[in-house]
Amino acid sequence: MIAHLPIQLQKKLTRHVSQCSIAWELIEPNDKIMVAFSGGKDSILLIHLLDSIRRIVPFDFEIGVFHLNQSAPDFPAKKALEQIASEGFEVWHEDLETASILAEKIAADESPCGLCSRLRRGIIYTQATQRGYNKIALGHHRDDAIETFMMNALFNGQIKSMPPKLVADNGHSVIIRPMLYVAEEWLIEASKYLDVAVTEQTFCTRGHSGQRYETKQLLAELERRNPNAKGSLMAALHHVVKTHLLDKGI
């Protein structure tokens, strides 16, 4: 195992991933699931939790691990991938030097995030298809979903977040987010017990700027005032009262 978690923490994480999977039919017999691996704690723990579930469910499914390297030839996640491969997972990576592409296509005063995201998605979908993986697992958690909900409402004028299950842009790969019921604070606690080096890729330089960072700060302030703020926001995503909104289409 790539982590040795305290039994109660392991049970809590596994229970919430299982609940999400059952509710949304994320993991099914004979699935081939490709984890999009960043090198950070979330995607490492996603591999661990999927493997834990694979050991207890009464059917078979496969787990593969793909890393898109956007930085340097001797990329930060290389050691982590080698450790994960040593445990029997199919592991591979692809290099994409995106800085020059973004510099050519995006003006200096524009955000590169949209194009960068599209480039990543295209490669991830292609890799899954070429290797025969029908599902792509992403390491997003509860806090990611809440932040995305807030960002869309505050900056884009939309009521929208991250779905647990979504057909990809290519029309046949299925995106799943098994940890969407898991709080980030639990993953931070679990990361203390990882046996694999956490090496989050530092290609993106916008970590302390932009809408997501501002939203994180806003949510932190809300939680200081109301410790149940994030829980209430997550509950709101499960309880949409359509008759009390202004979209005539619904």
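Everything below is about the structure shown above.
Residues numbered from 1 in each chain as written. Predicted model: local features only at pLDDT ≥ 70, side-chain atom pairs only at ≥ 80, totals over all residues. Heavy atoms only, no water.

Once that is clear, we can look at the environment of Ala80. Looking at where Ala80 falls in the secondary structure, it is placed in helix α3 (residues 78-85). Along the chain, Ala80 and Asp195 lie 115 residues apart, while their C-alpha atoms are 9.4 Å from each other. Apart from the residues lying within four places of it in its own chain, the contact partners of Ala80 are Phe37, Val196, Ala197 and Thr199. (Helix = DSSP H or I, 4+ residues; strand = E, 2+ residues; numbered from the N terminus. Contact = heavy atoms within 4.5 Å.)

Moving on to helix α9 (residues 229-238). Regarding α9, the residues found buried are Ala229, Lys230, Leu233 and Met234. Taken end-on, α9 shows its buried residues confined to a sector of 135°, consistent with a single buried face. (Buried < 20%, exposed > 50% of the residue type's maximum accessible area, 1.4 Å probe, protein only. Arc of directions from axis to C-beta.)

It is worth spelling out a nonpolar patch on the surface at this point. Nonpolar side chains collect at one region of the surface, where Leu154, Phe155, Leu218 and Leu222 lie side by side and expose about 320 Å² of accessible area between them. Secondary structure elements with two or more residues in the nonpolar patch: α6 (142-156) and α8 (210-225). Structurally, the position occupied by Leu218 is in helix α8. Classification of Leu218 as partly exposed rests on a relative accessible area of 34%. (Patch = residues over 30% accessible without salt bridge, like charges linked within 9 Å, V, L, I, M, F, W, Y side chains within 5 Å. Areas by Shrake-Rupley, 256 points an atom, 1.4 Å probe, with all protein chains shown as cover. Salt bridge = Lys/Arg side-chain N within 4 Å of Asp/Glu carboxyl O.)

So, about the nonpolar core. If you look at the biggest cluster of nonpolar residues, it comprises 48 residues, and the most contacted ones within it are Leu13, Phe37, Ile47, Leu50 and Ile84. For this core, the element with the most residues is helix α2 (residues 41-54), which contributes seven residues. (Core = buried A, V, L, I, M, F, W, Y, C linked by side-chain atoms within 4.5 Å.)

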